[in-house]
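# Observations on the model geometry
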Amino acid sequence: MDSTTDAWLRNRRRLRLTQTATSGAFLLPIMAVFVILFAVPFAQTIYYSFTDFSGYSTDVSFVGFANYAKVFADPALMQGLSFTLLYAIATTVLITVCAIPLAIALNQRFVGRNAVRSVFFFLSVPSMAILGIVWQYIFSPLDSGVLNTIVRSLFGADAVLWLSESTLARGCVIFVGVWAGVGWHATLYLAYLQAVPRDLYEQAEVDGANAWQKFVAITLPQLTPCIVVSTFLLMTAGLKVYDLPYTLTKGGPGFATNTLTQSIIVQGIAQGRADLGSALAVIFTVAVAAVVLAQLALANRLERTLS
């Protein structure tokens, strides 16, 4: 009996070692890609951020934190950081607030439900660059702009400087971002809603719960995993946004809608300041990591609260 047990244990240990080796073999390509495409370039970026590297000459000198001091002393670069954070937070909150009620409405039975679902999902199909070009024509501050033509014909008002005034330009960029993202995230919430057992709502109706009580007690807790996934995707996409503000406003007026990614490209490539662009990239990475970690902590707390 003891010899049989020992043999079984040896076979089990051998099987575990084989499984571990197999798992490690499968992970090797992923680790290689991570090291080659992320770890090594990021280490080089950190190194160049402490030098005067121009991107063209290999003759570099160590300058310490001078590039970081220039970044924080440049109001244009700091404005890019502030607008990036504003865009990421605003689009995340507004899309979430709009997508959940939209998903609940699309989950009801009505004539043409599938067609309506397709229309809302289609809003997120075109790329952000194409949407930026289309909405640039709609928001044109000229009298010939689509929106200004409608305003003038209905109210007889003068042309509104939609993309030529800082606050309005920021609002327009955020509006287009929300307009493009609501449909896709509503579809994501809709998929989770269809998995909620109908028995829960029927029991709540028997207990006399109204629509708001059913939403708070049943729908919202059931959507918590989806809220975590959706807000994570929105926040990461918002922090790295480039195509929409660039095609819609070119970062203007002035630097009102300039983003960190645009600043990195302009400084590191267009102006031949790879040292300053590297410092911006490091700051951008740290800011993204901090925001994502804070978001995950809040998401975990929300999940524990609602579950």
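Quick note: structure is the one above.
Attention in this report is confined to the structure presented alongside it. The shown structure was predicted, so the numbers you read here are calculated from the model rather than taken from an experiment.

On to the environment of glycine 277. Tracing the chain through its elements places glycine 277 in helix H12 (residues 274–306). With relative accessibility at 5%, the residue glycine 277 sits in the buried group. Through-space distance from the C-alpha of glycine 277 to that of leucine 260 is 9.8 Å; in sequence the pair is 17 residues apart. Not counting residues within four places of it along the chain, the set of residues in contact with glycine 277 comprises Ile264, Gln267 and Gly268.

Right, let's talk about the nonpolar core for a bit. Core analysis: the largest hydrophobic core is formed by 34 residues, its most contacted members being Tyr87, Phe139 and Tyr189. If you list the elements that add at least two residues to this core, you get helix H3 (75–106), helix H5 (128–138), helix H7 (166–193), helix H9 (211–239) and helix H10 (243–249). Sorting elements by how many residues they give to this core places H7 first, with twelve residues. Setting aside residues no more than four positions away along its own chain, tyrosine 87 makes contact with Val173, Ile174, Gly177, Gly238, Val241 and Leu244. In terms of nonpolar packing, the next biggest core, distinct from the first, is built from 14 residues, Leu77, Val282, Ile283 and Phe284 among them.

Now for the packing of aromatic side chains. Under the criterion given, the structure shown has 15 aromatic pairs. The interplanar angle of 10 degrees and the centroid separation of 5.7 Å between the aromatic rings of phenylalanine 38 and phenylalanine 42 together place this pair among those described as stacked. Pair noted here: phenylalanine 38 and phenylalanine 42 are both in helix H1 (residues 2–49), with a separation of four residues, about one helical turn. Stacked on the ring of tyrosine 246, the Lys or Arg lysine 250 has its end atom at 5.5 Å from the ring centre.

This part covers unusual backbone geometry. For lysine 250, which is not a glycine, the phi torsion comes out positive at approximately 60 degrees. Within the element layout of this structure, lysine 250 appears in the loop between H10 and helix H11 (260–270).

With that settled, consider the side chain of arginine 117. Relative to the helices and strands, arginine 117 resides in helix H4 (residues 113–122). Non-local contacts of arginine 117, meaning those with residues more than four positions away in its chain, are made with Leu106, Asn107, Leu190 and Gln194.

Taken N-terminus to C-terminus, the directions of H3 and H7 make an angle of 40 degrees; their axes are 6 Å apart at the nearest point. If you check the angle between H3 and H7, you find them oblique. Seen along the crossing, H3 lies across H7 with a hand that is right-handed. Looking at the contact of H3 with H7 residue by residue, the classes come out as 21 nonpolar, six polar and one charged.

Rules and cut-offs
Residues numbered from 1 in each chain as written. Predicted model: local features only at pLDDT ≥ 70, side-chain atom pairs only at ≥ 80, totals over all residues. Heavy atoms only, no water. Helix = DSSP H or I, 4+ residues; strand = E, 2+ residues; numbered from the N terminus. Buried < 20%, exposed > 50% of the residue type's maximum accessible area, 1.4 Å probe, protein only. Contact = heavy atoms within 4.5 Å. Core = buried A, V, L, I, M, F, W, Y, C linked by side-chain atoms within 4.5 Å. Phe/Tyr/Trp six-rings, centres within 6.5 Å; stacked < 30°, edge-to-face > 60°. Lys NZ or Arg CZ within 6 Å of the ring centre and 35° of its normal. Axes fitted to C-alpha atoms, helices over the stretch in contact; angles between N-to-C directions. Parallel < 35°, antiparallel > 145°, perpendicular 65-115°, else oblique. Left-handed = near helix turned anticlockwise from the far one by under 90°. Nonpolar A, V, L, I, M, F, W, Y, C, P; charged D, E, K, R; others polar.

These values are about where atoms sit, not about what they do.
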